[in-house]
There are 2 protein chains.
Amino acid sequence: MIDIADLRFLTALSSAPSLAAAARSLSVTPPAVSQRLAQIEDRLHLRLIERGRGPLRLTAEGAFLIERSSGILGELETLADEMAARAGRIEGPLQVIAPFGFGRLRVAPILSRFAGENPELSPSLVLSEDPLGAMRAGPWDVMIHVGRLPDLRIMQRKLATNRRFLVAAPSYAARFGLPQDPGDIAGHRVGVVREDRADATLWPLTGPDGSETSLRVHPVFACNDGEVVRAWALDGFGIVERSEWSVFQDLRDGRLIRILPDWSLPDADIVALLNPRAVRAARIDAFVNRLSVEIPTAAIPLS
Amino acid sequence: MIDIADLRFLTALSSAPSLAAAARSLSVTPPAVSQRLAQIEDRLHLRLIERGRGPLRLTAEGAFLIERSSGILGELETLADEMAARAGRIEGPLQVIAPFGFGRLRVAPILSRFAGENPELSPSLVLSEDPLGAMRAGPWDVMIHVGRLPDLRIMQRKLATNRRFLVAAPSYAARFGLPQDPGDIAGHRVGVVREDRADATLWPLTGPDGSETSLRVHPVFACNDGEVVRAWALDGFGIVERSEWSVFQDLRDGRLIRILPDWSLPDADIVALLNPRAVRAARIDAFVNRLSVEIPTAAIPLS
DNA sequence: TCTCGTATTAAGTTGCCGCTTAATGATCGA
DNA sequence: TCGATCATTAAGCGGCAACTTAATACGAGA
C-alpha cells in the first residue's frame with residue numbers, strides 16, 4: 001500500500017536537483033535517500049526517477065504520481081488544519097516569507113513572540129528579496145510584502161499604511177542646508193536602496209497642491225540593504241528615501257528629519273499575502289491578526 | 001501530522017459497535033484499540049468517539065473526520081490502483097461477493113487459481129445470500145449474482161447465460177412417470193429452493209409455442225440451499241427447478257433428466273457487478289475477464 | 001592525474017511504535 | 001451477588017523500518 005510519508009518524500013525529491021541535494025535538505029545521508037527511493041520503486045515495480053548524469057528527471061510514472069500526490073497531500077493538510085481549528089488550537093507549521101529588512105526587524109520579533117505563546121507551532125521565516133521566487137521555491141503560508149505588487153490574484157490583507165519619506169540627518173542639514181523644492185535635490189548628495197526590480201532613482205513626488213513630478217536622482221551612494229542606507233543617512237552623508245516603518249523612530253527621536261515634508265511619495269503599504277492553499281487554517285488567521293495589530297502600532301505615534 | 005493509517009483505523013472503528021468488537025475485527029486486543037484511539041485523540045486535542053454505554057457514537061468532530069477521510073482514502077486507493085495498472089501488475093486486495101452455492105462451487109475455484117497465478121493478490125471471498133446487505137457491510141470490488149436484479153445503476157457485466165431447468169432423477173421417472181404438460185406437475189412431488197426474497201413456488205413457464213403459464217407448485221420439500229435440493233432430486237425424491245450451472249454435469253452424465261424440455265423458465269443469467277469505486281483497477285478487470293472466460297466454458301458442452 | 005561530487009550496495013545499529021499481558025473499574029443482566 | 005462484557009491504565013516486550021557507517025564505482029572539472 002502507498003504510504004503518504006513516501007509521497008511526501010517523493011515530492012521533496014522531485015524538486016531537488018540531485019539525490020545528494022535532497023538528502024541534505026532532508027537532513028539525512030545520501031544512502032538513506034537512495035535506498036528509500038529504490039525501495040519505493042521496488043514496491044511499485046516502477047521506475048520513478050531517472051538518475052543519470054545531470055539533474056534528476058521524473059519518469060512519466062513518477063510525474064504522474066507526484067501530480068496526483070499533490071492533491072491528496074493538500075487535502076490531508078487541509079484536513080489537519082481544519083481539525084486543529086476545531087480544537088481551537090494554534091499548531092502546526094507556519095511558513096512565513098518576508099523581505100530582508102522588514103522581516104528581520106519587524107516580522108521576526110512578532111513571529112518569535114507568537115511562537116512563544118503557542119508552543120505547538122513550528123514557525124519558519126524565510127527572508128528574501130525575491131518574494132515571487134521564494135513562493136515558488138517552497139511551501140509557504142504567509143508572505144509579507146512592502147510596497148506595490150503585481151496583481152497576483154492572491155488573497156491579501158493590508159497590515160499597515162506605510163508612507164515613504166525623504167530624510168536626512170540634522171548634521172547633514174546643518175552642513176548643506178535643506179532643499180526647499182524638488183528641483184533643489186539635484187544639488188544634494190543622495191543615497192538609494194538599489195534592488196534589481198525597482199527603479200530606485202526615479203522619485204514620483206506629489207506636491208502639496210497635488211502636482212506630480214518624477215524626479216530622477218543621481219545617487220552618490222547605493223546599497224541593496226535598506227539598513228545600510230539608513231545608517232549612511234544617520235551618519236549625515238546625505239538624503240535618502242526610506243519607508244516610514246524603517247525611520248519612524250529616528251524621526252521621532254530627531255536623529256533624522258524629513259526633507260520636503262510637503263511632498264509625498266506613493267505609499268508602500270505593508271500587506272500580507274495568504275496562500276490560498278491554507279487560508280482557512282487557524283494558525284494563519286491568528287498570526288495575520290497578530291501582525292495587523294502589532295505592525296501599525298509601531299508607527300502610530302508619528303503623525 | 002495526521003497519518004492515514006490512523007484514518008483507516010478510525011474508519012474501521014466508526015463502523016464497529018464497540019471498541020472490543022473493533023479489536024476483534026482488527027485482530028488485536030482491546031487495549032491496543034483503546035490506547036491507539038486515545039493517542040489519536042490526544043494528538044488532535046479532540047474527542048472523536050463517544051464511548052458510554054451502548055454502541056459507539058462519533059462526536060461531531062469524529063464524524064467530520066471520517067467523512068473527509070473517506071474521500072482521501074478513496075483517492076489514495078485509486079492512485080495505488082492506477083500505479084499498479086501502469087506497472088502492468090495484478091496486485092492488491094480483491095474483494096469478491098458471491099451467493100453461497102455458485103460462489104462455493106464455481107467462483108471459489110476460479111478465484112483460487114487466479115490468486116495462485118498472482119502471488120501479490122490478496123483475495124477475499126464473501127458468500128452471502130443477501131448480496132445487497134453484504135455490499136453495504138464492507139468494502140467490495142466485484143459482486144457475482146445469479147438471476148434478476150433490481151436496477152442498481154451499477155456497472156455490470158454478463159458472464160454467462162444461465163437457463164433454469166426442471167429436472168428429476170431417472171429413478172423418479174421410472175417410479176412416477178414424467179409430466180407431459182405443466183398441468184401434470186400438480187400430481188408430482190416437487191422440491192424447491194426457498195429463499196426469503198423470491199417466490200420459489202411460482203414457476204413462469206413458456207411453452208414451445210410461446211404461450212406463457214404461471215404454475216403454482218406445492219413443494220413437499222424445501223431448503224434454502226440449492227445443493228441440498230439438488231441432492232434430494234438426485235436421490236429420486238422428486239422434481240426440482242435448478243440452474244443450468246448447478247445441474248449441467250448431472251444432465252450430461254444422466255444422473256438427472258430434464259422435465260418438460262419444451263417448456264422454459266426465464267433465464268437467470270450470471271452477472272458481475274463492479275464497484276464504481278474501483279472499476280478501473282487492473283486486478284478487477286483481469287479477474288472479471290477470467291470469470292467471463294471460465295464460467296461459460298463449464299456450460300457450453302450442454303446444448 | 002588527482003579530486004570532488006554523486007550514486008549505489010552492503011552490513012550493522014537503534015529507536016520507536018504498536019502490540020501484549022495484567023490488573024482495575026464500571027455497567028448490565030441473570 | 002455473581003458473572004460477563006466492555007473500557008481503560010500501566011508496564012514491558014519485540015520487530016522492523018529508517019537510518020548510519022563503510023566501501024565501491026563513476027564522471028566531470030581543475
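Residues numbered from 1 in each chain as written. Chains lettered and ligands numbered in written order. Predicted model: local features only at pLDDT ≥ 70, side-chain atom pairs only at ≥ 80, totals over all residues. Heavy atoms only, no water.

**Observations concerning the pattern of salt bridges**
Side-chain pairs of opposite charge can arise whenever the charged atoms involved come near each other.
Okay, so step 1: On inspection of all chains with the given rule, the structure shows 35 salt bridges over all chains.
Okay, so step 2: Arg283(A) is paired through a salt bridge with Asp141(A); the nearest N and O atoms lie 4.0 Å apart. Of this pair, Arg283(A) sits in helix α10 (residues 282-299) while Asp141(A) sits in the loop between α6 (131-137) and β5 (142-146); the two residues are 142 residues apart in sequence, bridging distant segments of the chain.
Okay, so step 3: Classification of Asp141(A) as buried rests on a relative accessible area of 2%.
Okay, so step 4: Asp253(B) is the partner of Arg255(B) in a salt bridge, and the nearest nitrogen-oxygen pair spans 3.3 Å.
Okay, so step 5: With relative accessibility at 42%, the residue Asp253(B) sits in the partly exposed group. (Salt bridge = Lys/Arg side-chain N within 4 Å of Asp/Glu carboxyl O. Helix = DSSP H or I, 4+ residues; strand = E, 2+ residues; numbered from the N terminus. Buried < 20%, exposed > 50% of the residue type's maximum accessible area, 1.4 Å probe, protein only.)

**Quick notes on the interface of chain A and chain B**
Okay, so step 1: Listed by partner, the interface residues are 29 residues for chain A and 29 residues for chain B.
Okay, so step 2: At the surface where chain A touches chain B, the tally comes to 2 salt bridges.
Okay, so step 3: Across the pair Arg68(B) and Glu82(A) runs a salt bridge whose closest N-O atoms are separated by 2.3 Å.
Okay, so step 4: Sort the elements by how many residues they give to the side of chain A that touches chain B and helix α4 (residues 60-86) of chain A lands first, with 15 residues.
Okay, so step 5: Within the side of chain A that touches chain B, the residues separate by chemical class into 16 nonpolar, 3 polar and 10 charged. (Contact = heavy atoms within 4.5 Å. Nonpolar A, V, L, I, M, F, W, Y, C, P; charged D, E, K, R; others polar.)

**Here's the deal with the protein's contact with DNA strand D**
Okay, so step 1: Around DNA strand D, the structure places 17 residues, and the nearest of them are Thr29(A), Leu19(B), Ala20(B), Ser34(B) and Arg51(B).
Okay, so step 2: When the atoms of DNA strand D within 4 Å of the protein are grouped by moiety, sugar and phosphate amount to 55% of the total.
Okay, so step 3: In this structure, Arg24(B) approaches DNA strand D through a side-chain N or O atom, which is 3.5 Å from a phosphate oxygen.
Okay, so step 4: Of all the elements in the fold, those that place two or more residues in the surface near DNA strand D are α3 (30-44) of chain A together with α2 (19-26) and α3 (30-44) of chain B.
Okay, so step 5: Looking at the surface near DNA strand D residue by residue, the class counts come to 8 nonpolar, 6 polar and 3 charged. (Near = heavy atom within 4 Å. Polar contact = N/O pair within 3.5 Å; in protein donor to acceptor, adjacent residues only side chain to side chain.)

**Things to note about the relation of the copies chain A and chain B**
Okay, so step 1: With an RMSD of 0.2 Å, the operation that places chain A on chain B is a rotation of 180 degrees combined with a shift of 0.2 Å along the axis. Read as a symmetry element, the transformation amounts to a two-fold axis. Distance from the rotation axis, computed per C-alpha, reaches its smallest value in chain A at Ile72(A): 3.2 Å.
Okay, so step 2: When the interface residues of chain A are mapped onto chain B, 100% of them again fall at the interface, so both copies present the same face. (Least-squares fit on C-alpha atoms with pLDDT ≥ 70 in both.)

**Quick word on the domain arrangement of chain A**
All names here are of chain A.
Okay, so step 1: Segmentation of chain A into domains returns domain 1 (4-83), domain 2 (90-161 + 270-299) and domain 3 (164-259).
Okay, so step 2: Each of domain 2 and domain 3 has a C-alpha centre, and the two are 28 Å apart.
Okay, so step 3: Here domain 2 meets domain 3 over a buried area of about 860 Å², counting both sides, of which 54% is carbon and sulfur.
Okay, so step 4: Summed over the shared surface of domain 2 and domain 3, the result is 1 residue pair in polar contact (both at pLDDT 80 or more).
Okay, so step 5: Going through the elements one at a time, α5 (100-117) and α10 are the ones with two or more residues in the side of domain 2 that touches domain 3.
Okay, so step 6: If you tally residues by element for the side of domain 2 that touches domain 3, the top one is α5, at 5 residues.
Okay, so step 7: Looking at the side of domain 2 that touches domain 3, its residues break down into 6 nonpolar, 2 polar and 4 charged. (Domains from an automatic or database assignment. Buried area = accessible area lost by both parts, 1.4 Å probe.)

**Quick word on the sheet that holds strand β12 (residues 239-243) of chain B**
Strand pairing within a sheet occurs via backbone hydrogen bonds; the two strands may be parallel or antiparallel.
Residues and elements named next belong to chain B.
Okay, so step 1: One open sheet accounts for 5 strands, arranged β11-β8-β12-β7-β13; its pairing is mixed. Of all the strands in the sheet, the pair left with one neighbour each is β11 (221-223) and β13 (257-259). Between one strand and the next, the sheet's axes are offset by a mean angle of 35 degrees, whatever the strand orientation.
Okay, so step 2: Docked against the sheet, helix α8 (residues 226-234) engages β8 (190-193), β11 and β12, running at close to 135 degrees with respect to β12.
Okay, so step 3: The strands touched by helix α9 (residues 244-252) within the sheet are β7 (164-168), β12 and β13, with β12 carrying the most contacts at an inclination of about 115 degrees. (Pairing = 2+ DSSP bridges. Axes fitted to C-alpha atoms, helices over the stretch in contact; angles between N-to-C directions.)

**Focus: the environment of Ala233(A)**
All names here are of chain A.
Okay, so step 1: Position of Ala 233 among the secondary structure elements: in helix α8 (residues 226-234).
Okay, so step 2: Ala 233 gets classed as buried once you look at its relative accessible area, which sits at 0%.
Okay, so step 3: A C-alpha to C-alpha distance of 5.6 Å links Ala 233 and Ala 168, two positions 65 residues apart in sequence.

**Overview of the packing of aromatic side chains**
Any two aromatic rings considered together are summarised by their centre-to-centre distance and by the angle between their planes.
Residue and element names in this part refer to chain A.
Okay, so step 1: Within this structure, the stated rule accounts for 10 aromatic pairs over all chains.
Okay, so step 2: Summarising the aromatic geometry, the rings of Phe 102 and Trp 245 are spaced 4.9 Å apart at their centres and angled 80 degrees between planes, so their arrangement reads as edge-to-face. Taken as a pair, Phe 102 in helix α5 and Trp 245 in helix α9 (residues 244-252) lie far apart in primary sequence, 143 residues in all.
Okay, so step 3: On the basis of relative accessibility, which here comes to 8%, the residue Trp 245 falls in the buried class.
Okay, so step 4: The interplanar angle of 50 degrees and the centroid separation of 5.4 Å between the aromatic rings of Phe 114 and Phe 287 together place this pair among those described as tilted. (Phe/Tyr/Trp six-rings, centres within 6.5 Å; stacked < 30°, edge-to-face > 60°.)

**Considering the pairing of strand β4 (residues 121-127) of chain B**
In regular strands, side chains alternate between the two faces of the sheet.
All names here are of chain B.
Okay, so step 1: Two strands pair when backbone bridges link them, and strand β3 (residues 92-98) and β4 are joined in this way by 7 bridges, in the parallel orientation. Among the inter-strand pairings, Gly 92 is bridged to a residue of β4, identified as Leu 121.
Okay, so step 2: For the segment spanning β3, helix α5 (residues 100-117) and β4, crossover handedness is right-handed. (Right-handed = clockwise from strand over helix to strand, strands pointing away.)

**Some thoughts on the side chain of His188(B)**
Residue and element names in this part refer to chain B.
Okay, so step 1: Along the chain, His 188 falls in the loop between α7 (170-176) and β8.
Okay, so step 2: The exposure class assigned to His 188 is buried, which follows from its relative accessible area of 13%.
Okay, so step 3: Not counting residues up to four positions away in its chain, the partners in contact with His 188 are Tyr 172, Phe 176, Gly 177, Leu 178, Pro 179 and Ile 239.

**Focus on unusual backbone geometry**
Okay, so step 1: One non-glycine residue, His45(A), lies in the positive phi region at around 55 degrees.
Okay, so step 2: With respect to the secondary-structure elements, His45(A) resides in the loop between α3 and β1 (49-50).

**A word on helix α1 (residues 4-14) of chain A**
Okay, so step 1: Within α1(A) the residues assigned to the buried category are Ile4(A), Asp6(A), Leu7(A), Phe9(A), Leu10(A) and Leu13(A).
Okay, so step 2: Of the surrounding secondary structure, the elements contacted by the buried residues of α1(A) are α2 (19-26), α3, β1 and α4 of chain A together with α1 (4-14) and α4 (60-86) of chain B.
Okay, so step 3: Sitting at the head of α1(A), Asp3(A) places a side-chain oxygen 3.2 Å from the backbone nitrogen of Ala5(A).

**Quick look at the sheet that holds strand β5 (residues 142-146) of chain B**
All names here are of chain B.
Okay, so step 1: Strand order across the open sheet formed by 5 strands is β4-β3-β5-β14-β6, with mixed pairing between neighbours. Each end of this open sheet is capped by a strand with a single partner; those strands are β4 and β6 (156-160). Each adjacent strand pair in this sheet contributes to an overall mean axis angle of 20 degrees, direction not counted.
Okay, so step 2: Across 4 bridges, the pairing between β6 and strand β14 (residues 270-274) is antiparallel. In the sheet register, Gln 156 faces β14, and the bridge partner there is Leu 273.
Okay, so step 3: Running over the sheet, α5 touches β3, β4, β5 and β14 and is turned about 175 degrees from β4.

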